[in-house]
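If you want the building blocks of each chain, they are given just below.
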Amino acid sequence: MNAPIDVSETVLRTERLILRPWKVSDLADFFEYASVDGVGQRAGWLPHKTIDESRKILDGFISEKKTFALEYRGKVIGSLGIECYDEESYPELSELGGRELGYVLSKDYWGRGLMPEAVTAVVRHLFEAYELDFILVGHFERNTQSARVIQKCGFEYIKTIPYKTQYGTVEICVESILYNPRKSGGRPSGSEF
Ligand SMILES: CC(C)(COP(=O)(O)OP(=O)(O)OC[C@H]1O[C@@H](n2cnc3c(N)ncnc32)[C@H](O)[C@@H]1OP(=O)(O)O)[C@@H](O)C(=O)NCCC(=O)NCCS
């Protein structure tokens, strides 16, 4: 089942990043990377066309309290959301508590290992502070960059499910899972994965 999460008061620091709640004043940074072609499409959404579009989504980040802004050298360059996963696709996880990660990084900062650094910090936080049993993360089949992040962070394949994008296609979404090593019994008994 989806566990309750609230990161509106949480700040995590990694070697190079500050993961913190989104602020209204992050709007220009958000629009800057979210309007670039070839970024959001890999996560199922279209590039933002107007700053108003970014403002509405930013308002959602703030009110829903489940998304970190990734700050690097004083600028917001990405987001990491602790999303609700599709419980219907995972009846075998119904007795456990977990969530699903979703992330995007500004194209200008790809290839520096920043997202694995952010994911590692969030995973540690969710396992330690929230004692989640598991964390899911999915990537579209052809998104090899995200697949590498997931692999480098130690997730293992669990299943493949269809995902309806905002732009009207259905993508094959490869889902991976990480169980909380601090909790015995985190993995469902009799499971094959
Ligand atoms: C997926 C994403 C978050 C990866 O973040 P990142 O910080 O660049 O991750 P890494 O630096 O670890 O790079 C991951 C892989 O991407 C590849 N890569 C790196 N820079 C690249 C570039 N400029 N162009 C193409 N591929 C690149 C490399 O193969 C790298 O793997 P390696 O470490 O084994 O060499 C980022 O590419 C992104 O935001 N993509 C668009 C949104 C998205 O896909 N979100 C995930 C939805 S599931």
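Calculation criteria
Residues numbered from 1 in each chain as written. Predicted model: local features only at pLDDT ≥ 70, side-chain atom pairs only at ≥ 80, totals over all residues. Heavy atoms only, no water. Helix = DSSP H or I, 4+ residues; strand = E, 2+ residues; numbered from the N terminus. Pairing = 2+ DSSP bridges. Contact = heavy atoms within 4.5 Å. Axes fitted to C-alpha atoms, helices over the stretch in contact; angles between N-to-C directions.

Most peptide bonds adopt trans geometry, and most residues besides glycine take a negative phi value. We note that Lys 65 has phi near 60°; this positive angle belongs to a residue other than glycine. Tracing the sequence through the fold places Lys 65 in the loop between α2 (51–64) and β3 (67–72). A positive phi angle, near 50°, is found at Glu 131, a position not held by glycine. Tracing the sequence through the fold places Glu 131 in the loop between α3 (114–128) and β6 (134–140).

The eight strands lie next to each other as β1-β2-β3-β4-β5-β6-β8-β7, forming an open sheet whose pairing is mixed. Each having just a single partner strand, β1 (12–13) and β7 (156–164) make up the two edges of the open sheet. One ladder, built from four bridges, connects strand β2 (residues 18–21) with β3; its direction is antiparallel. Pairing of Ile 18 across the sheet is with Glu 71, part of β3. Strand contacts of helix α4 (residues 144–152): β5 (98–105), β6 and β8 (170–179), with the helix running at about 160° to β6, the strand carrying the most contacts.

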